[in-house]
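Descriptive structure summary
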Amino acid sequence: MISSGKQLVEHLTAPRPPWTVTALPETWALARERLASRASVYVVEISGREGRTKRGLLAVAARALRFPDYFGENWDAFEECLRDLEWLPARAYVVGVSDVDQLLAESELDRRTFFDIVDTAGAFWAARAPGIAFHVVLVTTSPG
């Protein structure tokens, strides 16, 4: 868990792992405010409560990340869109997830698939020249 807003901002704007980090709500709020003021950073927040199911998560992510109309609403299409994002040019992409305890709560397999996909996307973006940061912040009230 990253407990300082400054450290979180530094991590989220660097193309290096881990691609998924946890933060307390107050740390995320501070980091999100700082990141939002940077023109080259695209920051969104999605609700784990809205993403309890695969269908719900794909819908909320598609809205937040402005996926194209042709988005196929399946894991392969989700991964493809995360590795494209040409419609949202940025030097860093940050997806905050609130209510993380609810995220894909109805399927452990879908939850693992989601984390595998975002880790793959983070590594993909970092490998570009120059590297681009792609991170997911799990906002949690549990400090452990």
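Description of the structure in this document. (Residues numbered from 1 in each chain as written. Predicted model: local features only at pLDDT ≥ 70, side-chain atom pairs only at ≥ 80, totals over all residues. Heavy atoms only, no water.)

Another aspect to go through is the overall build of the protein. Assigned secondary structure in the protein consists of five helices and four strands. Order of helices (α) and strands (β) in the protein, N terminus to C terminus: α-β-α-β-α-α-β-α-β. On C-alpha atoms alone, the protein measures out to a radius of gyration of 14 Å, which is about the 15 Å that the 2.2 N^0.38 rule sets for 144 residues. Along the three orthogonal principal directions, the C-alpha set of the protein runs to about 35 × 35 × 20 Å. Buried residues in the protein amount to 49% of all 144 residues. Taking all contacts inside the protein whose residues are at least 6 apart in sequence as the whole, residues at least 24 apart take part in 63%. Working note: accessible area of the protein is about 7300 Å², and carbon and sulfur atoms make up 48% of it. Each charge class in the protein was averaged separately, 16 positive and 19 negative side chains, and the resulting centres sit 5 Å apart. (Helix = DSSP H or I, 4+ residues; strand = E, 2+ residues; numbered from the N terminus. Rg over C-alpha atoms; globule rule 2.2 N^0.38 Å. Buried < 20%, exposed > 50% of the residue type's maximum accessible area, 1.4 Å probe, protein only. Contact = heavy atoms within 4.5 Å. Areas by Shrake-Rupley, 256 points an atom, 1.4 Å probe, with all protein chains shown as cover. Lys, Arg positive; Asp, Glu negative; His and termini not counted. Charge placed at Lys NZ, Arg CZ, Asp CG, Glu CD.)

The next subject is the nonpolar core. Phe67, Phe78, Leu82, Tyr93, Phe114 and Phe134 are the most contacted members of the largest nonpolar core, which has 36 residues in total. Among the secondary structure elements, those contributing two or more residues to this core are strand E2 (41-47), helix H3 (54-64), helix H4 (75-82), strand E3 (92-98), helix H5 (108-126) and strand E4 (133-139). Sequence-distant contacts of Phe78, defined by excluding residues within four places in its chain, comprise Leu58, Ala61, Phe67, Phe71, Phe114 and Ile117. Core analysis: the second largest hydrophobic core is formed by 16 residues, Val9, Leu12, Ala23 and Val139 among them. (Core = buried A, V, L, I, M, F, W, Y, C linked by side-chain atoms within 4.5 Å.)

Our next topic: the pairing of E3. The buried fraction of E3 is high, at seven of seven residues. Side chains of E3 alternate between two faces, with Ala92, Val94, Gly96 and Ser98 and Tyr93, Val95 and Val97 buried alike. For E2 and E3, the ladder comprises seven bridges, and the chain directions are parallel. In the sheet register, Val41 faces E3, and the bridge partner there is Ala92. Across six bridges, the pairing between E3 and E4 is parallel. In the strand pairing of E4, Val94 is matched with His135. After leaving E3, the chain enters H5 and then returns to the sheet as E4, a path that is right-handed. (Pairing = 2+ DSSP bridges. Right-handed = clockwise from strand over helix to strand, strands pointing away.)

Tracing the sequence through the fold places Val21 in strand E1 (residues 20-23). With ten residues separating them along the chain, Val21 and His11 place their C-alpha atoms 9.3 Å apart. Apart from residues lying up to four places away in sequence, Val21 is in contact with Ile2, Leu8, His11, Leu12, Val136, Val137 and Leu138.

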